[in-house]
Amino acid sequence: MKNKNIKSLKAVSLVEMLITMALFGILSVMLLQSLLMNIKLSTQINLRARVRSELDQVQTLIERDIRNAEQINLASCLNKSCEMFVDGVRIQWQYYEFPHYVRKIKDGQEYYRSSPILYFTSGNFQVLYSGDDGPNKQKFVNVIVTLQAETNAKVVGCQKDS
């Protein structure tokens, strides 16, 4: 058998191994921070898109009911609610300060409630009555609906933007 010279064998020293591990650790931390930032931004973008979609849905439903209303109860369309009749059915839209949502009541039953991701900070219904539009024509009114909302970030597990 041949005797191998121990000094001629190639190996990695402990110092080289420690330096390699330190570099790998630093690169791993940088990559992890980048990944976490990417996930956070993606979550915020998806949340904003979802909020816009929910707000659009509320706005579309209220607008459709007002446009299709045969009669709007002028006395009830003040401040936080508005009552109307659509296809002979009594409908009432309401804004609640607590717990901050908008809902639709149809024939005395809750028919729609806004998503919990929306946090309505204010809501107001206002009717501008314009009277008759001339002989043999129907009366018409303008209904101004003002709703302000923000993201209820706690529901989806996100922090609010400062």
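Located above this text is the structure these notes cover.
Values in this document were obtained by computation on a predicted structure and should not be read as measured data. In this numbering scheme, every chain counts its residues from 1 along its sequence in written order. Note on the predicted model: pLDDT of at least 70 is required for a residue's local features to be given, and 80 or more for side-chain atom pairs to be given and counted; whole-chain, interface and lining totals, by contrast, use all residues. The basis for the side-chain values is all heavy atoms of the structure; hydrogens and waters are excluded.

Would you take a moment to explain the environment of L78 for this structure?
One can find L78 in strand β1 (residues 71-78). Each residue is assigned to one of three classes by its accessible area relative to the maximum for its type, calculated with a 1.4 Å probe on protein chains only: buried under 20%, partly exposed between the two thresholds, exposed over 50%. Overall, the relative accessible area of 52% leaves L78 in the exposed class. Along the backbone, L78 and V143 are 65 residues apart, and their C-alpha atoms lie at a distance of 10.0 Å. Helix numbers and strand numbers start at the N terminus; a helix is a DSSP run of H or I with at least 4 residues, a strand a run of E with at least 2.

I'm lost on the pairing of strand β4 (residues 101-106) in this one. Help?
Residues in a regular strand project their side chains so that they alternate between the two faces of the sheet. Among the six residues of β4, five are classified as buried, and the element is accordingly described as predominantly covered. In this structure, strand β3 (residues 89-96) lies alongside β4, joined through six bridges in antiparallel fashion. The residue bridging Y95 from the neighbouring strand is V102, located in β4. When DSSP finds at least two bridges between two strands, those strands are taken to pair. Where β3 folds back on β4, the antiparallel hairpin that results is connected by four residues, among which H100 adopts a positive phi of roughly 65°. Taken together, the four bridges between β4 and strand β5 (residues 109-113) define a ladder with antiparallel strand orientation. Each bridged residue has a counterpart across the sheet, and for I105 the counterpart in β5 is E110. Once β4 ends, the chain turns through two residues before running back antiparallel as β5, passing D107 with a positive phi of about 50°.

Sorry if this is basic, but what is going on with the side chain of S114 here?
Its location among the elements puts S114 in the loop between β5 and β6 (118-132). Note on S114: relative accessible area 5%, which makes it buried. Contacts between residues were defined by any pair of non-hydrogen atoms, one from each residue, lying within 4.5 Å. Excluding residues that lie within four positions of it along the chain, S114 makes contacts with V58, Y101, V102 and F120.

Honestly, the packing of aromatic side chains in this entry has me stumped. Any pointers?
The way to describe two aromatic rings as a pair is by their centre distance and the angle between their planes. In this analysis, rings of Phe, Tyr and Trp, with Trp reduced to its six-membered ring, are considered paired at centre separations within 6.5 Å, and the interplanar angle assigns stacked below 30 degrees, edge-to-face beyond 60, and tilted for intermediate values. In the structure shown here, the tally under the stated rule is two aromatic pairs. Consider the ring centre and the ring normal. A charge sits over the ring if Lys NZ or Arg CZ is within 6 Å of that centre and within 35 degrees of that normal. Just above the ring of Y111 sits the side chain of K106; from NZ or CZ to the centre is 4.5 Å.

How do you make sense of the pattern of salt bridges when you look at a structure like this?
Close approach of charged atoms allows side chains with opposite charge to pair. Should a side-chain nitrogen of Lys or Arg be within 4 Å of a carboxyl oxygen of Asp or Glu, the pair is scored as a salt bridge. Summed over the entire model, instances satisfying the criterion amount to six salt bridges. Its salt-bridge partner being K104, residue D65 comes within 3.0 Å of it at the nearest N-O pair. Residue D65 is located in helix α1 (residues 14-68), and its partner K104 is located in strand β4; the two are separated by 39 residues in the primary sequence. The two residues D65 and K104 agree in class, both being buried. Of the charged contacts in the structure, one is a salt bridge between E110 and R103, with a shortest N-O distance of 3.0 Å.

I would appreciate a short explanation of the nonpolar core in the present structure.
As a rule of thumb, soluble globular proteins bury nonpolar side chains together. Working definition of a nonpolar core: buried Ala, Val, Leu, Ile, Met, Phe, Trp, Tyr and Cys residues. They are joined through side-chain atoms within 4.5 Å. By size, the foremost hydrophobic cluster in this structure holds 23 residues, and its most contacted members are V58, I72, M84, W93 and V102. Breaking this core down by element, the ones donating at least two residues are α1, β1, β2 (81-86), β3 and β6. Ranked by residue count, the leading element in this core is α1, at six residues. Non-local contacts of V102, meaning those with residues more than four positions away in its chain, are made with V58, I62, W93, Q94, Y95, Y112, R113, S114, F120 and L147.

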